[in-house]
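Summary of structural features
Residue-level listing of the chains:
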Amino acid sequence: MILAARSVAPAEPAPTPPAPVVETLPPVLKFEKVGFAYDGRTIMRDVSFSVAPGELVCLLGPSGCGKTTILNMVAGFLRPTEGAAIVDGREIVGPGPDRGVVFQAAALFDWMTVAENIAFSQRCAGVRKAKRREVAREMAALVGLTGFEDAYPYQLSGGMRQRVGLARVLASKPKVMLMDEPFSALDVQTRETLQEEVLRIRDRTGCTILFVTHAIDEAVFLGDRIFLLNDLKTGAFDAFDVALPAPRCSPENRLHPSFLRLRETIYRRMRH
Amino acid sequence: MTADERRARLRYLVVATLSPLAILGVWWLVAARGLASPIVLPPPSAIWASFVDMAANGYSGVSLWTHVGASLARVSVAFLGGAALGVALGLLRGRSRMIDAVLLAPSELLRPIPPLGLIPLFILWFGIGETSKVLLIFLSVLLIMMVNAQAGVRATSLDSLRAAESMGANRWQVFRFVVLPSALPQVMTGLRVAMGTALTILVASELLGGDRGLGFLILDASSFFRTTYVFAGVAVIGLIGLATDRALAWAGRNIVHWEGRR
Ligand SMILES: Nc1ncnc2c1ncn2[C@@H]1O[C@H](COP(=O)(O)OP(=O)(O)O)[C@@H](O)[C@H]1O
Ligand SMILES: [Mg+2]
């Protein structure tokens, strides 16, 4: 459970209670008193939290507060300067296919087709070509890219590129998916469609997701929990439980009273 | 291709063809009006006549095609060898700081030395045969390709490196699937620069004696004031340069098809 976070109860009883099974499973991701400094400049200190399997946690906060730094530590691109980041009971020492990253600018391989991009992790693992092709087709279907397997990334729209980024990560069947403002450069409609897609994929794969965003709407619509990271230097932050009816991917949830109320609560908290 | 793109492409081809023809026209006018002495600037027709003469009867007892073949052989061997080694070293320098440290001073000391300045040394070390000629071109190509390949490696985006690592790529796979393709655009550009330079050095390298090659032909003709033959030889080198450059540009567009389309 949350160690340092002050938990803020939802304003009214949840329409659907959060699945209790989630609470009893050992956390898939855990930060223990993590501190980080860039060249001696402290960005965060004493940050602790844990994420249960299948949970979708949104990291919400103003630009520069350290969201990407947290994600990079989970991905293994950065090592904590204090404390420990733990996935599946083991301390994170470097990048690995058990933690997939969806980048803000997609970071696709422009020299590879959509299918080759999607099956990249399989290629690295030495999977044969025919099998890779099959995985690519399956994952393309999962993210709604059927028929684009042989296109190159530069032939796709921004939204489709992020779909490839999503499929490529899903293909390696990660325990944790890390998404760093993946939809912030897209237009509103595409962004909302992809948010719904993420929830649908989460339901289908049971993947744990850490989702970074600076948009309150996005955090409330997507998250099971939201960490509001105003100041990570003290290690204390607010955590909000989101209580919205299933299926979570329903766009109707954007108008649900709980959605609107939580959005307001967070907005006021961010501004105070 | 859309109709607009096709029209734009056609217009490009027309202008690209008309521009050299216009230069030829002005040249012809200047020569025909007697504005320049034929020794300094012979008319295009006289140069064409010399070319036809060489094509039929050869130059200094050797057929024109033997001259062309000798030059092309030197350039090809030196270009392929220099490019292969230069790209390999440049990629290694881009990936390993230690290798970069080893090669930095030697290559940067060598680079500003004009090839002509090396000729006396090369004669001393390798004689005046093929070895010296080929090595001179080889060295220039190598240095150009090393710089370009290294810069290409640096063009690899941090996100794509991280993406590859987080999808389980090992060091070799990161290099093969991410670094190498990221460096390719710059390598292809480097090849075009290097080919241009190789042809320039060719003429200089054929200063090193011998009786074959376009460089020899030009130098020999100029020492006898056979200006039309000089021009004809220069034109043949120029055309070879144009053809190889177009071929490399075409290959580049097809190999690095994603460049500029992100
Ligand atoms: N490579 C870096 N070197 C030094 N400082 C950095 C680096 N990356 C980020 N920072 C600093 O760390 C802080 C947190 O950055 P980041 O995690 O990217 O914030 P966020 O993703 O929340 O916008 C910022 O103040 C930023 O300036
Ligand atoms: Mg960020």
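Residues numbered from 1 in each chain as written. Chains lettered and ligands numbered in written order. Predicted model: local features only at pLDDT ≥ 70, side-chain atom pairs only at ≥ 80, totals over all residues. Heavy atoms only, no water.

1. Side note on a nonpolar patch on the surface
So the rule is basically this: Each patch is built from salt-bridge-free residues with over 30% relative accessible area, joining like charges within 9 Å and nonpolar side chains (Val, Leu, Ile, Met, Phe, Trp, Tyr) within 5 Å. For the accessible areas, the method is Shrake-Rupley and the probe is 1.4 Å, while residue cover comes only from the protein chains on display. Salt bridges are identified by distance alone: a Lys or Arg side-chain nitrogen within 4 Å of an Asp or Glu carboxyl oxygen. Where helices and strands are cited, they refer to DSSP runs of H or I of at least four residues and of E of at least two residues respectively, numbered from the N terminus.
Together, Leu10(B), Val14(B), Leu18(B), Leu21(B) and Leu24(B) line one region of the surface with nonpolar side chains, adding up to about 460 Å² of accessible area. Positionally, Leu24(B) belongs in helix H1 (residues 3–32).

2. Description of the interface of chain A and chain B
Worth spelling out the cut-off: Contacts: residue pairs with any heavy atoms within 4.5 Å of one another. A quick way to say it: buried area is the sum, across both parts, of accessible area lost when two parts are put together, with a 1.4 Å probe. What qualifies as a polar contact is a pair of N or O atoms within 3.5 Å, subject to a donor-acceptor requirement within protein and to the restriction that residues adjacent in sequence count only when both atoms come from side chains.
In this complex, chain A contributes 21 residues to the contact, which on the side of chain B involves 19 residues. Approximately 2000 Å² of surface area, both sides summed, lies buried where chain A meets chain B, with 68% of it carried by carbon and sulfur atoms. A per-residue breakdown of the area chain A buries against chain B is headed by Trp111(A), Cys124(A) and Tyr154(A), which together make up 33% of the total. The tally of links between chain A and chain B comes to zero salt bridges. Linking chain A to chain B there are three residue pairs in polar contact (both at pLDDT 80 or more). Listing elements by their share of the side of chain A that touches chain B, those giving two or more residues are strand E7 (99–102) and helix H4 (120–124) of chain A. At four residues, the largest contribution of residues to the side of chain A that touches chain B is made by H4(A).

3. Considerations on the confidence of the model for chain B
Residue and element names in this part refer to chain B. Quick reminder of the rule: Known as pLDDT, the predictor's per-residue confidence is scaled from 0 to 100.
Predicted confidence across chain B gives a mean pLDDT of 92, with 100% of residues reaching 70 or more. Predicted confidence in chain B is weakest over helix H5 (residues 115–126), with a mean pLDDT of 86, and strongest over helix H7 (residues 158–166), with 96. Both scores are given for the predicted complex: the pTM is 0.86, the ipTM 0.87.

4. Quick look at the pattern of salt bridges
Residue and element names in this part refer to chain A. Operational definition: Whether a residue is buried, partly exposed or exposed follows from its accessible area with a 1.4 Å probe, protein chains only, as a fraction of its type maximum: under 20%, in between, or over 50%, in that order.
In the structure shown here, the tally under the stated rule is 24 salt bridges over all chains. Among the salt bridges present, the one from Arg163 reaches Glu197, with a minimum N-O distance of 2.9 Å. Within this pair, whereas Arg163 is found in helix H6 (residues 158–170), its partner Glu197 is found in helix H7 (residues 188–205), the two being separated by 34 residues in sequence. The residues Arg163 and Glu197 share a single accessibility class, namely buried. The partner of Arg268 in a salt bridge is Glu264, and the shortest N-O contact between them spans 2.8 Å. Of this pair, Arg268 and Glu264 both sit in helix H9 (residues 257–271), separated by four residues, roughly a single helical turn. Take Arg268: its relative accessible area is 55%, and that puts it in the exposed class.

5. So, the nonpolar core
For the record, the criterion: In these notes, a set of buried Ala, Val, Leu, Ile, Met, Phe, Trp, Tyr and Cys residues joined through side-chain atoms within 4.5 Å is what counts as a nonpolar core.
Formed by 101 residues in total, the largest nonpolar core has its most connected members in Leu29(A), Phe31(A), Phe49(A), Phe109(A), Phe120(A), Leu210(A) and Met145(B). The element contributing the most residues to this core is helix H8 (residues 171–205) of chain B, with 15 residues. Excluding its chain neighbours within four sequence positions, the residues that come into contact with Phe120(A) are Phe109(A), Met112(A), Ala164(B), Met167(B), Ala169(B) and Phe177(B). Counting 51 residues, the second-largest nonpolar core is a separate cluster that includes Val135(A), Val169(A), Leu170(A) and Leu262(A).

6. As for the site of ligand 1
Residues and elements named next belong to chain A. For clarity, the threshold we go by: We call a residue near a given molecule or strand whenever any one of its heavy atoms falls within 4 Å of it. Any residue outside Ala, Val, Leu, Ile, Met, Phe, Trp, Tyr, Cys, Pro, Asp, Glu, Lys and Arg is labelled polar, Gly included; the first ten of those are nonpolar and the last four are charged.
Close contacts around ligand 1 come from Tyr38, Arg41, Ile43, Pro62, Ser63, Gly64, Cys65, Gly66, Lys67, Thr68 and Thr69, and that covers them all. One of the backbone nitrogen or oxygen atoms of Gly64 is found 2.6 Å away from an oxygen atom of ligand 1. A distance of 3.3 Å separates an oxygen atom of ligand 1 from a polar backbone atom of Cys65. Protein chains bury 62% of the 560 Å² of accessible surface belonging to ligand 1 in isolation. In terms of residue class, the shell around ligand 1 is made up of four nonpolar, five polar and two charged.

7. With respect to the packing of aromatic side chains
As a reminder, the rule being used: Stacked, tilted and edge-to-face are the three classes assigned to paired rings of Phe, Tyr and Trp, where Trp is represented by its six-membered ring and a pair needs centres within 6.5 Å; plane angles under 30 degrees give stacked, over 60 edge-to-face, the rest tilted. Consider the ring centre and the ring normal. A charge sits over the ring if Lys NZ or Arg CZ is within 6 Å of that centre and within 35 degrees of that normal.
If you walk through the whole model with that rule in mind, you get 18 aromatic pairs over all chains. Ring geometry for Tyr152(A) against Tyr154(A): centres 5.8 Å apart, planes inclined by 10°, an arrangement best described as stacked. Tyr152(A) gets classed as partly exposed once you look at its relative accessible area, which sits at 23%. When the ring of Trp125(B) is compared with that of Phe126(B), the centres are 6.1 Å apart and the planes differ by 85°; the resulting orientation is edge-to-face. For Phe126(B), a relative accessible area of 35% translates into the label partly exposed. Ring-pair connections join several aromatic residues into one group, and the members of that group are Phe109(A), Trp111(A), Phe120(A), Phe177(B) and Trp258(B). Stacked on the ring of Tyr229(B), the Lys or Arg Arg226(B) has its end atom at 4.3 Å from the ring centre.

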